[in-house]
Amino acid sequence: MPNPTSQSQQETIDMSAELEEFERSGQLSQEQLQSYWRENRNLVLTLLAIWATVTFLVQAIGSVLNNVVILGFPLAYYMGGQGALIIFIVLIYIYAKKMNELDAKYNLQEEEDEK
């Protein structure tokens, strides 16, 4: 069974090697690389804040949310059953879309294989 910590460290090392390759190839300057990662980090932190709010805050104030009824179900029940899952899928879609836009902005998009 792979160790999650060592796998994470390996991914970080791979990411660093990839960044060094971009810098060596002259594809991106150091400032552009820092700007790219800053924008990436801000996007991830924003989406994580939304995820944490949906996951933990809704559970914490569930009794208050139960005063709101949607389609006959209390809001806390609805959020646990369907709402949170829908929000998580939307977060994944937003992350993929924004990262594609960010890659295009820095000309780092992956080449698509023609089938």
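Residues numbered from 1 in each chain as written. Predicted model: local features only at pLDDT ≥ 70, side-chain atom pairs only at ≥ 80, totals over all residues. Heavy atoms only, no water.

Draft legend 1. Representation of the packing of aromatic side chains. The final tally for this structure, using the stated rule, is four aromatic pairs. Judged by centre distance (5.1 Å) and plane angle (85°), the rings of Tyr36 and Trp37 are edge-to-face. Judged by its relative accessible area of 26%, Trp37 falls in the partly exposed class. Considering the side-chain rings of Phe73 and Tyr77, the 5.5 Å spacing of their centres and the 25° angle between planes classify their relative orientation as stacked. Looking at Tyr77, the relative accessible area reads 53%, which means it is exposed. (Phe/Tyr/Trp six-rings, centres within 6.5 Å; stacked < 30°, edge-to-face > 60°. Buried < 20%, exposed > 50% of the residue type's maximum accessible area, 1.4 Å probe, protein only.)

Draft legend 2. Focus on the environment of Val44. Looking at where Val44 falls in the secondary structure, it is placed in helix 2 (residues 30-60). For Val44 and Met99, which are 55 residues apart along the polypeptide, the C-alpha to C-alpha distance reads 9.9 Å. (Helix = DSSP H or I, 4+ residues; strand = E, 2+ residues; numbered from the N terminus.)

Draft legend 3. Highlighting the side chain of Asp103. Mapped onto the elements, Asp103 comes out in helix 4 (residues 75-105). Other than its neighbours up to four places away in sequence, Asp103 contacts Tyr36, Leu108 and Gln109. (Contact = heavy atoms within 4.5 Å.)

Draft legend 4. Representation of helix 4 within the structure. Taking 1.5 Å per residue as the helical rise, helix 4 with its 31 residues ought to reach 45 Å, whereas the 40 Å between its terminal C-alpha atoms falls clearly short. Its maximal kink placed at Gln82, helix 4 deviates by approximately 50°. Taken together, the buried positions of helix 4 are Leu75, Ala76, Met79, Gly83, Ala84, Leu91, Met99, Leu102 and Asp103. Summarising the contacts, the buried residues of helix 4 are in contact with helix 2, helix 3 (62-65), strand 1 (69-70) and strand 2 (73-74). Immediately beyond the C-terminal end of helix 4, within one or two residues, lies Asn107, with a positive phi of roughly 55°. (Expected span 1.5 Å × (residues − 1). Bend = angle between axes of the 7 residues up to and from the residue.)

Draft legend 5. Highlighting the packing of helix 2 against helix 4. Following both chains from N to C, one finds helix 2 and helix 4 inclined at 175°, their axes separated by 11 Å at the closest point. Taken as axis vectors, helix 2 and helix 4 run roughly antiparallel relative to one another. Facing Tyr36, Glu39, Asn40, Leu43, Val44, Leu47, Ile50, Trp51, Val54, Thr55 and Val58 of helix 2, the residues of helix 4 in contact are Met79, Ala84, Ile87, Phe88, Leu91, Ile94, Tyr95, Lys98, Met99, Leu102, Asp103 and Lys105. In the contact of helix 2 with helix 4, the residues fall into 17 nonpolar, two polar and four charged. (Axes fitted to C-alpha atoms, helices over the stretch in contact; angles between N-to-C directions. Parallel < 35°, antiparallel > 145°, perpendicular 65-115°, else oblique. Nonpolar A, V, L, I, M, F, W, Y, C, P; charged D, E, K, R; others polar.)

Draft legend 6. The nonpolar core, seen in detail. Core analysis: the biggest nonpolar cluster contains ten residues, these being Leu28, Leu33, Tyr36, Leu43, Leu47, Leu91, Met99, Leu102, Tyr106 and Leu108. Secondary structure elements with two or more residues in this core: helix 2 and helix 4. Of all the elements, helix 2 adds the most residues to this core, at four residues. Apart from the residues lying within four places of it in its own chain, the contact partners of Tyr36 are Met99, Leu102, Asp103, Tyr106 and Leu108. Formed by seven residues, the second largest nonpolar core is a distinct cluster that contains Val54, Val58, Leu65 and Ala76. (Core = buried A, V, L, I, M, F, W, Y, C linked by side-chain atoms within 4.5 Å.)

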